[in-house]
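Descriptive structure summary
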There are 2 protein chains.
Amino acid sequence: MAEISRLSASDEGFDRQLEALMSWESISDRQVQDTVDTILAAVRDRGDQALLDYTIRFDGWEPEQATDLEIPSARLEQAWQGLPASQRQALTLAAGRIRDYAEHQKLAGWSYREPDGTLLGQQVTPLDRVGLYVPGGKAAYPSSVLMNAIPAKVAGVPELIMVVPTPGGDVNELVLAAAHIAGVTRAFAIGGAQAVAALAYGTALVPPVDKIVGPGNIFVATAKRAVFGRVGIDMIAGPSEILILCDGQTDPDWIAMDLFSQAEHDEDAQAILVAWDPDYLDRVAASIERLLPTMERHAIIAKALKARGALILVRDLDEAVALANRVAPEHLELSVADPQPLAARIRHAGAIFLGRHTAEAVGDYCAGPNHVLPTSRTARFSSPLGVYDFQKRSSLIMASPQGAATLGQTAAVLARGEGLTAHARSAEYRGVAGADVERPADV
Amino acid sequence: MAEISRLSASDEGFDRQLEALMSWESISDRQVQDTVDTILAAVRDRGDQALLDYTIRFDGWEPEQATDLEIPSARLEQAWQGLPASQRQALTLAAGRIRDYAEHQKLAGWSYREPDGTLLGQQVTPLDRVGLYVPGGKAAYPSSVLMNAIPAKVAGVPELIMVVPTPGGDVNELVLAAAHIAGVTRAFAIGGAQAVAALAYGTALVPPVDKIVGPGNIFVATAKRAVFGRVGIDMIAGPSEILILCDGQTDPDWIAMDLFSQAEHDEDAQAILVAWDPDYLDRVAASIERLLPTMERHAIIAKALKARGALILVRDLDEAVALANRVAPEHLELSVADPQPLAARIRHAGAIFLGRHTAEAVGDYCAGPNHVLPTSRTARFSSPLGVYDFQKRSSLIMASPQGAATLGQTAAVLARGEGLTAHARSAEYRGVAGADVERPADV
């Protein structure tokens, strides 16, 4: 018997139930923190030797020297050539679509001139070098390699350094193949907090990067949080989530399978259906009951649905929209007849899947938009991973002599108000246009 | 005698000297961390009562009840009306220019249709509610209120919550006036880690926000890092920095004063001049010597120049550019005859000030671009505070029936490669276009 909570938004206590359902905190306890601090310090102090020691200890294989930790580019290409044609074709198509979508995100610089000749603007540049963390073991997804690497390439990042643990020395051929097609520059068979440390501080073997992206376990997440500031990081990801909003007219089997596709990720994944037709919720529940035993990963799905899933009855569409905005889900499916006006009412969601024909799963692989999305309600303030995460801006200010004089007066008033008289005098010097310039400025 | 290091890039040991000069780590020791953890937990558990207790203890005044902690909007307006006309005029002009520049940064949504009718796009929305931390005491800058609040308003954030500690109950009239003109929604007389906690978790009095921006001391920075993930935060700011690159033709008094304007912020501020004319470095050193005693804040300036300042001789312009990119300074002044081609060669800087007439100080107050900039070499991967920090993106995917069929096939191949068969089946259901839809979908 498949278990999943049935809730009603009009029940007293619903607010509390919803909070309990959504609550998720990945707290690094002090022990994890201390372990990570030790590892970071060891890699910082002893470099490659520490990488060798931790790899032997945690990954269970025995590299003899530091250079054994590098996965040569030829090995990535070999993995690519070794794939069945169907997978090569699918990865090529997916990579192409991710690239096409990413091209639309590219930021461009701009500038404008004011009447007095002063120029203001913004210069956009790519990061120099980016680190990509790829998990080993059960969560080793080639699609994640594409999703993390391609936006960086489109941004113009010249160097992309991948790290991936190889427990027992086993490599994932699909991951290596994806790294090849995504354009990874160098790859290293290291993982855990020690890999994050290597990317942040650099070692003789591993070059230091400017930003680290990609998902990992609690040690990786804790290490990323610790090195944030020295390097940039992406968001700390929580469990994957979907919220489906349905008008009751989509085949209930489709919706049940969409819930499963989220729940099969892991036991903490969250799958929620919201509808205003109580009969429809019954029909989806029946589909779940009937289809669950047919699923390869039914044990994981059953646990996830029981622990964090829900079928929620709301009064009407308006209440459904309010609920979606409150949950701010990573994935939001609008399985309704006319989804576009509805999407315009969504304030917070990582990705919005519009209409009955858009399964969330196509977004995970090949629709084009990134599958690295804000989880745990962070869509309230953050965005999908994108090209913009690998570009940065520099402000441009070029005062004309006249602009320097007028702006200088205002700056001086405000600077003296704050007690910063060097600021005031520095601005005022330029007020006497050209007077103190040995050679006339030609700006 | 003014002390400032004289370095030469061609000296053996220069790399090490430069690293030592730039090195800055704001480590929260375990004691700070524990104090902050205690404060966060107290505010989370006891809400307004904890705010009252900490305000009495740390800020040294005695609010009788929680509502005493709110600064009414009428009080902000009163502060504005009480300012001298010159300051009202300067703040108005600055606010207008900051707003005009910010308008250029606003992100807009976009979408495109593929030949098979599939729609892909990106929806842009503002954050719902933002918290603005304003320091009390010596670093209480009205210009910072404008720089943090105005981009949020331009982004369309409906609610802006300001917190500002009032040690001894003293409020800074200029800060309140700036909050009025910047459009702050509500203001509270609280500070420290307790104010960060109130913004992150909410109390009966203080509404919870989605992102916290603004500078603060080590307790504020540590609290922001701790609540990151529950809410968004801006960068953790280090000491302010300037690097000036000069061709030796700008009045040395101007350059000396520009160095002073950075150094007067505090004793940790960093001011560096780079030039390829050794005589020019001597002339700037002489200007420093002569002008320093005339400065109101000469004690702070002298300490900052001695501890972290430098006059650096390079071989030529190319070496100067390489050095600037390596330092990735918060502020970069290009005090040369033809600055635009030079700016195009800069890969990493928070703000670039072009030409002899552009004093960094006008950027601090009224040029238009934000003065909240990446410090401590973080310009390698981050950007000035801007409208984009108060907007977020949601991906849009609407598959046509035909698109669902072709994308579904590719997704299924990749999903099975990753062992995720619910993903595959969810995508494949849509492959039989329309067949299982009770009512034809009109997407």
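Predicted model, so just to flag it, every value in this text is computed and none were measured.

**Things to note about unusual backbone geometry**
Phi angles above zero are rare outside glycine, and S376 of chain A is one such case at about 50 degrees. Structurally, S376 of chain A is set in the loop between α15 (360-365) and β15 (391-398). Exposure remark for S376 of chain A: the relative accessible area of 25% places this residue in the partly exposed category. A positive phi angle, close to 50 degrees, is found at A328 of chain B, a residue other than glycine.

**Quick notes on the sheet that holds strand β8 (residues 211-213) of chain B**
Residues and elements named next belong to chain B. Taking strand neighbours across the sheet as the criterion, the six strands line up as β2-β7-β6-β5-β8-β9 in an open arrangement whose pairing is mixed. The open sheet has two edge strands with one neighbour each: β2 (70-71) and β9 (232-233). Summarising the sheet, strand β6 (residues 159-163) and strand β7 (residues 186-188) pair through three bridges and their orientation is parallel. By the bridge assignment, M162 is partnered in β7 with A187. In the packing of helix α8 (residues 192-201) onto the sheet, the strands contacted are β5 (129-133), β6 and β8, and the crossing angle to β5 comes to about 175 degrees.

**Some words on the domain arrangement of chain A**
When cut into domains, chain A gives domain 1 (5-24 + 238-367), domain 2 (30-236 + 388-392) and domain 3 (399-435). In this structure, domain 1 of chain A and domain 3 of chain A have C-alpha centres spaced 58 Å apart.

**Here we look at the UniProt feature "binding site: substrate" (unreviewed entry) in chain A**
Using the residue numbers shown here, the UniProt feature "binding site: substrate" (unreviewed entry) corresponds to S240, Q262, H265, H331, D364, E418 and H423 of chain A. These annotated residues cover 184 residues of sequence, and their C-alpha atoms reach 56.2 Å apart at the extremes, leaving them scattered rather than at a single site. Its place among the elements puts H265 of chain A in the loop between α10 (252-263) and β11 (270-275). Residue contacts for H265 of chain A: discarding those within four places in its chain leaves Y141, S240, R297 and D364 of chain A together with L420 and H423 of chain B. Mapped onto the elements, H423 of chain A comes out in helix α17 (residues 421-429). Not counting residues within four places of it along the chain, the set of residues in contact with H423 of chain A comprises A415 of chain A together with S261, E264, H265, A361, D364 and Y365 of chain B.

**Details of helix α13 (residues 317-327) of chain B**
Side chains that are three or four residues apart share a direction in an α-helix, a result of its 3.6 residues per turn. All names here are of chain B. Listed in full, the buried residues belonging to α13 are E319, A320, V321, L323, A324, N325 and V327. Of the residues flanking the start of α13, the one acting as N-cap is D316, its side-chain oxygen 3.3 Å from the backbone nitrogen of D318. Positioned one or two residues after α13, A328 has a phi angle of 50 degrees, which is positive.

**Things to note about the side chain of D253 of chain A**
Residue position: D253 of chain A is located in helix α10. Given the relative accessible area of 15%, D253 of chain A is considered buried. Beyond its immediate chain neighbours, meaning those up to four positions away, D253 of chain A contacts S287, R290 and L291 of chain A together with Y429 of chain B.

**Some words on the pattern of salt bridges**
Counting across every chain of the model gives 43 salt bridges over all chains. Note that R290 of chain B and D253 of chain B form a salt bridge whose closest N and O atoms lie 2.6 Å from each other. Of the two residues, R290 of chain B is situated in helix α11 (residues 278-291) and D253 of chain B in helix α10 (residues 252-263); the sequence distance between them amounts to 37 residues. The network of salt bridges with common partners includes D15, E19 and R326 of chain A.

**Points about the pairing of strand β11 (residues 270-275) of chain B**
Residues and elements named next belong to chain B. The buried fraction of β11 amounts to six of the six residues, a majority that puts the element mostly inside the structure. Here β11 shows two buried faces, one formed by Q270, I272 and V274 and the other by A271, L273 and A275. In this structure, strand β10 (residues 241-246) lies alongside β11, joined through six bridges in parallel fashion. Bridging from a neighbouring strand, E241 pairs with Q270 of β11. Running through α10, the crossover from β10 to the neighbouring parallel element β11 is right-handed. Bridge count between β11 and strand β12 (residues 310-313): four bridges; the pairing is parallel. Paired with A275 across the two strands is L313, which belongs to β12.

**Considerations on the interface of chain A and chain B**
Each partner contributes to the interface: chain A provides 137 residues, whereas chain B provides 137 residues. At the boundary of chain A with chain B, total buried surface from both sides reaches about 12,200 Å², with 56% on carbon and sulfur atoms. On the chain A side of the interface with chain B, the three residues burying the most area are H357, I397 and R430 of chain A, jointly 7% of the side's total. In this assembly, chain A and chain B are joined by 12 salt bridges. Taking the shortest distance from any N to any O, the salt bridge between D34 of chain A and R30 of chain B comes out at 3.5 Å. Here chain A is connected to chain B by 67 residue pairs in polar contact (both at pLDDT 80 or more). Here the side of chain A that touches chain B takes 10 residues from helix α16 (residues 401-417) of chain A, the largest share from any one element. Partitioning the side of chain A that touches chain B into residue classes produces 67 nonpolar, 35 polar and 35 charged. Direction of pairing for strand β14 (residues 351-354) of chain A relative to strand β15 (residues 391-398) of chain B: parallel, over a ladder of three bridges. Each bridged residue has a counterpart across the sheet, and for F353 of chain A the counterpart in β15 of chain B is I397 of chain B.

**Structural notes on the UniProt feature "binding site: NAD(+)" (unreviewed entry) in chain A**
All names here are of chain A. Those places that UniProt annotates as "binding site: NAD(+)" (unreviewed entry) correspond, in this numbering, to Y133, Q194 and N217. Over a stretch of 85 residues, the named residues converge on one spot in the fold, their C-alpha atoms separated by at most 12.6 Å. For Q194, the location among the structural elements is in helix α8 (residues 192-201). Looking at the element boundaries, N217 is found in the loop between β8 (211-213) and α9 (218-227). A relative accessible area of 46% places N217 in the partly exposed class. Among the polar contacts made by the side chain of N217, one reaches the main-chain amide nitrogen of V220 at a distance of 3.0 Å.

What counts and what doesn't
- Residues numbered from 1 in each chain as written.
- Chains lettered and ligands numbered in written order.
- Predicted model: local features only at pLDDT ≥ 70, side-chain atom pairs only at ≥ 80, totals over all residues.
- Heavy atoms only, no water.
- Helix = DSSP H or I, 4+ residues; strand = E, 2+ residues; numbered from the N terminus.
- Buried < 20%, exposed > 50% of the residue type's maximum accessible area, 1.4 Å probe, protein only.
- Pairing = 2+ DSSP bridges.
- Contact = heavy atoms within 4.5 Å.
- Axes fitted to C-alpha atoms, helices over the stretch in contact; angles between N-to-C directions.
- Domains from an automatic or database assignment.
- UniProt positions renumbered as here; feature names shortened; annotations may be inferred.
- Polar contact = N/O pair within 3.5 Å; in protein donor to acceptor, adjacent residues only side chain to side chain.
- Salt bridge = Lys/Arg side-chain N within 4 Å of Asp/Glu carboxyl O.
- Right-handed = clockwise from strand over helix to strand, strands pointing away.
- Buried area = accessible area lost by both parts, 1.4 Å probe.
- Nonpolar A, V, L, I, M, F, W, Y, C, P; charged D, E, K, R; others polar.

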